[in-house]
Amino acid sequence: MSFTDPIGDMLTRIRNASSARHEKCVIPASRLKQRLAEVLKEEGYIKDFVLHQDDKQGAITVLLKYSADREPAISDIKRVSKPGLRRYVPTDGIPRVLNGMGIAILSTSKGVMVDREARKQKVGGELICTIW
């Protein structure tokens, strides 16, 4: 069986580790996954991430963030654009996740960015995922 959705695998690993209250999760590395981890850190959904280089692909260790009473910072994370059905949105079609309480991550011609940054720069692109 071939592995067709590495981004979906990353999001599922983060979702599962967060719901199981793990401190960290390890994900096979790529540049897109590294940029997604950077966006999650900038937006405050994860504590930090560490990139481990090796002879092969490398790995990203994501340190998950919790509140004082061990509630995860990520309530839900959903993959929107999938390999079987890509979802592209123009600038005026970028969704507001929970009326601005969550974020949508897009892959645009100017890089991977959050929905409000894409609106500010007036660029659309592939809607990768939504997080709240």
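Going by the structure above, here's the rest.
Basis of the calculations
- Residues numbered from 1 in each chain as written.
- Predicted model: local features only at pLDDT ≥ 70, side-chain atom pairs only at ≥ 80, totals over all residues.
- Heavy atoms only, no water.
- Helix = DSSP H or I, 4+ residues; strand = E, 2+ residues; numbered from the N terminus.
- Buried < 20%, exposed > 50% of the residue type's maximum accessible area, 1.4 Å probe, protein only.
- Contact = heavy atoms within 4.5 Å.
- Salt bridge = Lys/Arg side-chain N within 4 Å of Asp/Glu carboxyl O.
- Pairing = 2+ DSSP bridges.
- Axes fitted to C-alpha atoms, helices over the stretch in contact; angles between N-to-C directions.
- Parallel < 35°, antiparallel > 145°, perpendicular 65-115°, else oblique.
- Left-handed = near helix turned anticlockwise from the far one by under 90°.
- Nonpolar A, V, L, I, M, F, W, Y, C, P; charged D, E, K, R; others polar.
- Core = buried A, V, L, I, M, F, W, Y, C linked by side-chain atoms within 4.5 Å.

K.L.:
Could you give me a rundown of the environment of Ala-29, with the residues and numbers involved?
P.N.:
You can see Ala-29 is positioned in the loop between strand 1 (24–28) and helix 2 (31–42). Judged by relative accessible area, which is 8%, Ala-29 ranks as buried. Each C-alpha atom of the pair Ala-29 and Lys-120 lies 29 Å from the other, and the pair is 91 residues apart in sequence. In contact with Ala-29, other than residues within four places in its own chain, are Leu-51, Gln-57, Gly-58, Ala-59 and Ile-60.

K.L.:
Residue-level account of the pattern of salt bridges, with values.
P.N.:
Using the criterion set out here, one finds twelve salt bridges in the structure. The salt bridge partner of Arg-79 is Asp-5, with a shortest N-O separation of 3.0 Å. You can see Arg-79 sitting in strand 4 (residues 77–79) and its partner Asp-5 sitting in the segment before helix 1 (6–19), a full 74 residues away along the chain. The residues Arg-79 and Asp-5 share a single accessibility class, namely buried. With a closest N to O distance of 2.9 Å, Lys-41 and Asp-48 form a salt bridge. Given the relative accessible area of 37%, Lys-41 is considered partly exposed. Several salt bridges share partner residues, and in doing so they unite Arg-35, Glu-38 and Glu-42 into one network.

K.L.:
With reference to specific residues and values, describe the sheet that holds strand 2 (residues 46–52).
P.N.:
With antiparallel pairing, the three strands of this open sheet are ordered in space as 1-3-2. Edge strands, defined here as strands with exactly one partner in the open sheet, are strand 1 and strand 2. The average angle at which neighbouring strand axes cross in this sheet is 20°, direction not considered. As defined by bridge partners, strand 2 adjoins strand 3 (residues 59–64) across six bridges and the pair is classed as antiparallel. Within the sheet, the bridge partner assigned to Val-50 lies in strand 3 and is Thr-61. Packing of helix 1 onto the sheet brings it into contact with strand 1 and strand 3, and relative to strand 1 it is tilted by some 170°. Running at roughly 155° to strand 2, helix 2 makes contact with strand 1, strand 2 and strand 3 of the sheet.

K.L.:
Give me the side chain of Ser-81: which residues, what numbers.
P.N.:
Its place among the elements puts Ser-81 in the loop between strand 4 and strand 5 (88–89). Assessed through its relative accessible area of 0%, Ser-81 is described here as buried. Setting aside chain neighbours within four positions, we find Ser-81 in contact with Arg-86, Arg-87, Glu-126, Leu-127 and Ile-128.

K.L.:
For the packing of helix 1 against helix 2, give the residues involved together with the corresponding values.
P.N.:
Put simply, helix 1 and helix 2 touch, their axes get as near as 10 Å, and they point 40° apart. Our classification of the angle between helix 1 and helix 2 gives oblique. Regarding helix 1 and helix 2, the two cross each other, and that crossing is right-handed. Two secondary-structure elements touch here, helix 1 through Pro-6, Ile-7, Met-10 and Ile-14 and helix 2 through Leu-32, Lys-33, Leu-36, Ala-37 and Leu-40. Class assignment for the residues of the contact of helix 1 with helix 2 results in eight nonpolar, no polar and one charged.

K.L.:
Please set out the nonpolar core residue by residue, giving values where relevant.
P.N.:
Membership of the largest hydrophobic core comes to 28 residues, with the highest contact counts inside it found for Ile-14, Val-62, Ile-105 and Ile-131. Those elements giving two or more residues to this core turn out to be helix 1, strand 1, helix 2, strand 2, strand 3, strand 6 (103–108), strand 7 (111–114) and strand 8 (125–131). Ranked by residues supplied to this core, first place goes to helix 1 with five residues. For Ile-14, the contacting residues outside a window of four places in its chain are Cys-25, Ile-27, Leu-40, Leu-64 and Ile-74. Among the nonpolar cores identified, the runner-up in size contains nine residues, and Val-89, Ile-94, Ala-104 and Val-123 belong to it.

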